[in-house]
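Now for the letters of each chain:
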Amino acid sequence: MTNPLVIGNWKMNLLTAPACELAQSLVDRLSDARGVEVVIAPPFTSLYSVSQIVKGSPLGLAGQNFHYKSAGAYTGEVALEMLKDVGCNFSLIGHSERRSLFGETDEGVNKKIHHAMGLGILPIVCVGETLEQRNAGETLTTIESQLSIGLTGLSPEEKTRLVIAYEPVWAIGTGVNATPEQVVDVHKFIRKYLIESLGFSEEIGVRILYGGSVNPENSKQLLKEKEIDGALVGGASLNLESFCAIINSAIEP
Ligand code: 13P
């Protein structure tokens, strides 16, 4: 069984100095952590400095987004090769904020996943429904469509190198987390769909994380569920004590 994965998505927060301070404190705290994999996703501007701190430590580094082309005339964009160059071994893809605020599509997500696979970067693919979709009973069909388009064309080997993050849009940054029951239902659906419709291996399995208002008060309850393989944490990952408490609840569910 793989270890739980806890990812801190710092979003558009922290200047370089506080980012380095938080990364250093995490490295110090995690030096002897066992049984959990921890990754942080700082903003682009602090990635290089943070990479110098996490180098050689168990703490992984992720990008929050990238362009699917390797280089070229794409003003304002960042290539995944550039993220790899500064030490990233993971990247988020298709976060709901990218989808809703910056027009990211499932087709675009698919291009990015293929690009990440080619570079050996582990893609963390985000899916999730809006409140309107949940209220209309469209949660599972929404996720099915995000997965079927987003994951098109992966080889059997590539299917073993993918992490899914279920992040219901209504739970992100609202303080209202999905209940463990709601998360388990969706994770079971995702797992079944990946195996039965998209040809993922049942034996190898795929890690499915939950994200959306995860905090030290609810993390134990969520992470004790065997269907929930870890957490994608936003706001609470910006605070050392909160993030460490969430990490600890992944170790001792
Ligand atoms: P919050 O934990 O702040 O709700 O954010 C979740 C998220 O979007 C992580 O990617």
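Located above this text is the structure these notes cover.
Residues numbered from 1 in each chain as written. Predicted model: local features only at pLDDT ≥ 70, side-chain atom pairs only at ≥ 80, totals over all residues. Heavy atoms only, no water.

What follows deals with unusual backbone geometry. A positive phi angle, close to 50°, is found at Lys11, a residue other than glycine. You can see Lys11 is positioned in the loop between strand E1 (5-9) and helix H1 (16-30). Judged by its relative accessible area of 22%, Lys11 falls in the partly exposed class. You will see that Leu14, though not glycine, has its phi angle at about 80°, which is positive. (Helix = DSSP H or I, 4+ residues; strand = E, 2+ residues; numbered from the N terminus. Buried < 20%, exposed > 50% of the residue type's maximum accessible area, 1.4 Å probe, protein only.)

What follows concerns the nonpolar core. Note that soluble globular proteins tend to have their nonpolar side chains buried in a common cluster. Of all hydrophobic cores here, the largest spans 67 residues; its most connected members are Leu26, Ile40, Leu147, Leu151, Ile164 and Ile190. Among the elements that line this core, the one with the most residues is H1, at seven residues. Ignoring anything within four residues of it in the chain, the contact list for Ile190 reads Val127, Ile143, Leu147, Ile164, Tyr166 and Ile208. (Core = buried A, V, L, I, M, F, W, Y, C linked by side-chain atoms within 4.5 Å. Contact = heavy atoms within 4.5 Å.)

For the rest of this paragraph, the subject is the sheet that holds strand E2 (residues 37-41). If you walk around this closed barrel you meet the eight strands as E1-E2-E3-E4-E5-E6-E7-E8, and the pairing is parallel. In this sheet, adjacent strand axes meet at a mean angle of 25° when their direction is disregarded. Lying over the sheet, helix H2 (residues 44-54) contacts E2 and strand E3 (60-63), oriented at roughly 165° with respect to E3. (Pairing = 2+ DSSP bridges. Axes fitted to C-alpha atoms, helices over the stretch in contact; angles between N-to-C directions.)

Another point: the site of the ligand. Lining the immediate environment of the ligand, one finds 13 residues, of which Lys11, His95, Gly173, Ser213 and Gly235 sit closest. Between the ligand and Lys11 there is a distance of 2.8 Å, counted from an oxygen atom to a side-chain nitrogen or oxygen. One of the backbone nitrogen or oxygen atoms of Gly173 is found 2.6 Å away from an oxygen atom of the ligand. Class assignment of the residues belonging to the shell around the ligand gives a composition of four nonpolar, seven polar and two charged. (Near = heavy atom within 4 Å. Polar contact = N/O pair within 3.5 Å; in protein donor to acceptor, adjacent residues only side chain to side chain. Nonpolar A, V, L, I, M, F, W, Y, C, P; charged D, E, K, R; others polar.)

Attention shifts here to helix H9 (residues 180-196). The terminal C-alpha atoms of H9, which comprises 17 residues, lie 24 Å apart, in line with the 24 Å expected from a rise of 1.5 Å per residue. Those residues of H9 lying buried are Pro180, Val183, Val184, Val186, His187, Phe189, Ile190, Arg191, Tyr193 and Leu194. Buried residues along H9 sit in contact with strand E5 (122-127), helix H6 (131-135), helix H7 (139-150), strand E6 (163-166), strand E7 (207-211) and helix H10 (219-223). (Expected span 1.5 Å × (residues − 1).)

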